[in-house]
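Structure at a glance
Here are the chains, one letter per residue:
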Amino acid sequence: MRRHPSLLLVAASCLAACSATDPAGEGASVPSVSTVAPASSETSSSIVVPTTPFTSPTTSTSAATTTTQPEQCLTLRHENYAQFELIAPEGTRVLIDIGDPSRLSSPATPADILLTTHTHWDHYDERFQASFPGRQLFTSVGTIDAPGVHVEGIASAHRNSQRPKPEGGYNYIYLVEIAGLRVAHFGDIGQDQLSPEQLAQLGTVDVALSQVANPYSDMDARNRKGFELMAQLAPRLFIPTHVDRSTAALLPDYWPGTQATGAEITICPSGLADTTEFLLLDAN
């Protein structure tokens, strides 16, 4: 597996210090972390971590002025299963699938946005959702605009046999435009493939947050449905949500990637590769 130094992912803990984790929480080890490319196919499941954190230019100078502007970057916090906080440079915070509010970096405020893809316990807390002080999209399509953020809801399905519905459906995809990036959270999508309508709404996706292992979505290492959905989408960066040992081992068969520790990372547009890479987060 080749190294891709173009990936700019500055973790709260240096990526060079990553160690193997057990995504399934079953006590068994996952493929070990390596700082060199494997010499043969026997070690092709190793996850490569850069020995030195990669940094890209954070300032740009135009011909008409000498004023430098820092690059706009996304702060992403992963807290539990599919629970994420996306924080814009302007300070707007997008909370997605909050199943455990106690893990949030700070209490919700009226300036925050809440997105709920579906109402399973690990994606939804009824009390938190009912008392949320800001704007939200709750298992529905729609749009929200806030400083530095645009959100669009897209109907999808938790299982392939279900029909996507505009409201009160089984699962929703949320596309968030933030910090110059298009970030798509797929909830627990269980479709065999994305429809032409969904692909048209999604357009080019920079960062995709989606699952690869979930029995309730009929998704596992055997059918590789989660991998095929991401191959169809071709995001620049794929961050798995629900994942187990078997599917974690398959990730390098599809894309080059990295493993990171810590709850918080920074993603800058200039640091992403042109083709898909994966990032396996420690909490998963």
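For the structure given in this document, a descriptive report is provided here. (Residues numbered from 1 in each chain as written. Predicted model: local features only at pLDDT ≥ 70, side-chain atom pairs only at ≥ 80, totals over all residues. Heavy atoms only, no water.)

**Thoughts on the sheet that holds strand β14 (residues 181-185)**
By definition, the strands of a sheet pair up through backbone hydrogen bonds, in either a parallel or an antiparallel sense. Strands sit in the order β11-β12-β13-β14-β15-β16-β19-β17 across an open sheet of eight strands; the sheet is mixed. Looking along the sheet, the strands with just one partner apiece sit at the ends: β11 (142-146) and β17 (257-260). Averaged over all adjacent pairs, the angle separating strand axes in this sheet is 20 degrees, with direction ignored. Of the strand pairs in this sheet, strand β16 (residues 237-240) and strand β19 (residues 277-281) are connected by two bridges, and their pairing is parallel. Paired with Phe238 across the strands is Phe278, a residue of β19. Along the sheet face, helix α4 (residues 245-254) touches β16 and β19 and points at about 155 degrees away from the line of β19. (Pairing = 2+ DSSP bridges. Helix = DSSP H or I, 4+ residues; strand = E, 2+ residues; numbered from the N terminus. Axes fitted to C-alpha atoms, helices over the stretch in contact; angles between N-to-C directions. Contact = heavy atoms within 4.5 Å.)

**Some words on the pairing of β16**
The alternating pattern of β16 places Leu237 and Ile239 on one face and Phe238 and Pro240 on the opposite face, and all of these are buried. Here strand β15 (residues 207-210) pairs with β16 via four bridges, running parallel. Each bridged residue has a counterpart across the sheet, and for Leu209 the counterpart in β16 is Ile239. What joins β15 to β16 is helix α3 (residues 225-233), and the crossover it makes is right-handed. (Buried < 20%, exposed > 50% of the residue type's maximum accessible area, 1.4 Å probe, protein only. Right-handed = clockwise from strand over helix to strand, strands pointing away.)

**Overview of the environment of Phe138**
Mapped onto the elements, Phe138 comes out in strand β10 (residues 135-138). Classification of Phe138 as partly exposed rests on a relative accessible area of 27%. Distance from Phe138 to Tyr124, taken between C-alpha atoms, is 9.7 Å for residues 14 residues apart in sequence. Ignoring anything within four residues of it in the chain, the contact list for Phe138 reads Thr116, Thr119, Tyr124, Gln129 and Tyr174.

**Observations concerning the state of the cysteines**
Enumeration according to the criterion identifies one disulfide in this entry. Across a sulfur-sulfur distance of 2.0 Å, Cys73 and Cys268 are joined as a disulfide pair. On the sign convention where negative means left-handed, the S-S torsion of about 105 degrees between Cys73 and Cys268 marks this disulfide as right-handed. Here Cys73 is found in the loop between β5 (69-70) and β6 (74-80), whereas its partner Cys268 is found in the loop between β18 (264-267) and β19, with 195 residues between them in sequence. Just as Cys73 is buried, Cys268 falls in that class too. (Disulfide = S-S within 2.5 Å.)

**Considerations on the packing of aromatic side chains**
Tallied over the full model, the rule gives seven aromatic pairs. Feature note: the residues Phe227, Phe238, Tyr254 and Trp255 constitute an aromatic cluster, connected by ring pairs. (Phe/Tyr/Trp six-rings, centres within 6.5 Å; stacked < 30°, edge-to-face > 60°.)

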